[in-house]
Amino acid sequence: MYRMLRVFCATAWELEGERLAFYDVVGQFNEEAMKLGILYVPVSLTNAPDKRPLQYTVNQNIRDCRHYILATDEDWGPRERNFERDYRLAIECAADPALPMKAAEILVRTQPDGSPSPFGSVLSAAGFPCRNFSTTSDFVEIVKQLLSAWLPVDAAEGATAPASA
């Protein structure tokens, strides 16, 4: 039996390619994770121009996830699809040992010329570290790196967890 660990990837509208690639990466990575008894379950927000009516469900999904990735472009997003509160919730969840969340990451797409997005400076000033990516391929590599870093920790925690009755 596999331990199913959910990974939430929130993406800005203009990063639909990255959202789709996230599903592919997790699916491919599961070949490795399954060897250690883990199955990562990708979760994302699809086709919702206004997530506010769904916010309760989004929050519940974040609380139920093991890891959270925010892929953004030039800001937190428009009012209808703003991810700042979601990211802050993920950070709160990661700080709560009673919840499954262990990590929250922000990935910021660079400017078209490859220079860092000014939003990266805004995030840094707020104390939120971020990683830059330029292309969908860069995004995929970062997600693979994250999954590779999380897997040994997730597997070790599962090996030391008490058996449930």
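Provided above is the structure to which this section pertains.
Engineer: Help me out: how do you make sense of the overall build of the protein in this one?
Structural biologist: On a plain count of helices and strands, the protein comes out with five helices and five strands. Going from N to C terminus, the protein has its helices and strands arranged as β-α-β-α-β-α-β-α-β-α. What you see for the protein is a C-alpha radius of gyration of 16 Å, in line with the 15 Å of a compact globule of 165 residues. C-alpha extents for the protein along the principal axes are approximately 50 × 30 × 30 Å. The buried share among the 165 residues of the protein stands at 42%. Across the protein, every contact between residues at least 6 apart in sequence was considered, and the portion connecting residues at least 24 apart equals 74%. For the protein, the accessible area works out to roughly 8,700 Å², and carbon and sulfur atoms hold 55% of it. Averaged over its 16 positive side-chain charges, the protein has a centre that lies 5 Å from the centre of its 22 negative ones.

Engineer: It is not clear to me how the sheet that holds strand β1 (residues 3-11) should be interpreted in this structure. Could you clarify?
Structural biologist: Pairing is parallel across the open sheet formed by five strands, whose spatial order is β2-β1-β3-β4-β5. The two strands at the open ends of the sheet, each matched to only one other strand, are β2 (38-44) and β5 (131-133). Looking at each pair of strands side by side, their axes are set apart by 25 degrees on average, direction ignored. Relative to strand β4 (residues 103-109), strand β3 (residues 67-72) runs parallel, the two being bridged by six bridges.

Engineer: Would you explain the side chain of S44 in this entry?
Structural biologist: As for its position among the elements, S44 is in strand β2. Here Y23 takes part through its side chain, which lies 2.8 Å from a polar atom of the side chain of S44. Sequence-distant contacts of S44, that is, excluding residues within four places in its chain, are made with C9, R19 and Y23.

Engineer: I tried to follow the packing of aromatic side chains on my own but got confused; where do I start?
Structural biologist: Each aromatic ring pair is characterised by the separation of its centres together with the angle its planes make. Using the criterion set out here, one finds nine aromatic pairs in the structure. When the ring of F22 is compared with that of Y23, the centres are 5.7 Å apart and the planes differ by 75 degrees; the resulting orientation is edge-to-face. Given the relative accessible area of 0%, F22 is considered buried. You can call Y23 partly exposed: its relative accessible area is 30%.

Engineer: Quick question: what am I supposed to make of helix α2 (residues 55-64) here?
Structural biologist: Residues spaced three or four apart along an α-helix face the same direction, because each turn holds 3.6 residues. Among the residues of α2, those classed as buried are Q55, V58, N61 and I62. Buried positions in α2, seen along its axis, are confined to an arc of 120 degrees and lie on one side of it. In the core, the buried residues of α2 are packed alongside β1, β2, β3 and α3 (84-95).

Engineer: Hey, could you run me through the environment of Y87 in this one?
Structural biologist: Tracing the backbone shows Y87 in helix α3. Since its relative accessible area comes to 2%, Y87 is described here as buried. Along the sequence, Y87 and L70 sit 17 residues apart, while their C-alpha atoms lie 7.2 Å from each other. Excluding residues within four positions of it along the chain, Y87 makes contact with Y68, L70, W76, A104, E105, I106 and F128.

Engineer: Would you mind showing me how to read the nonpolar core here?
Structural biologist: Nonpolar side chains in soluble globular proteins tend to be buried together. Counting 27 residues, the largest nonpolar core has Y40 and I69 as the members making the most contacts within it. Ranked by residues supplied to this core, first place goes to helix α5 (residues 136-160) with nine residues. Non-local contacts of I69, meaning those with residues more than four positions away in its chain, are made with V7, F8, C9, A10, F22, E105, L107, V143, L146 and W150. Counting residues in each nonpolar core, the second largest holds 23 residues, with L70, Y87, M101 and F128 among its members.

Thresholds applied
Residues numbered from 1 in each chain as written. Predicted model: local features only at pLDDT ≥ 70, side-chain atom pairs only at ≥ 80, totals over all residues. Heavy atoms only, no water. Helix = DSSP H or I, 4+ residues; strand = E, 2+ residues; numbered from the N terminus. Rg over C-alpha atoms; globule rule 2.2 N^0.38 Å. Buried < 20%, exposed > 50% of the residue type's maximum accessible area, 1.4 Å probe, protein only. Contact = heavy atoms within 4.5 Å. Areas by Shrake-Rupley, 256 points an atom, 1.4 Å probe, with all protein chains shown as cover. Lys, Arg positive; Asp, Glu negative; His and termini not counted. Charge placed at Lys NZ, Arg CZ, Asp CG, Glu CD. Pairing = 2+ DSSP bridges. Axes fitted to C-alpha atoms, helices over the stretch in contact; angles between N-to-C directions. Polar contact = N/O pair within 3.5 Å; in protein donor to acceptor, adjacent residues only side chain to side chain. Phe/Tyr/Trp six-rings, centres within 6.5 Å; stacked < 30°, edge-to-face > 60°. Arc of directions from axis to C-beta. Core = buried A, V, L, I, M, F, W, Y, C linked by side-chain atoms within 4.5 Å.

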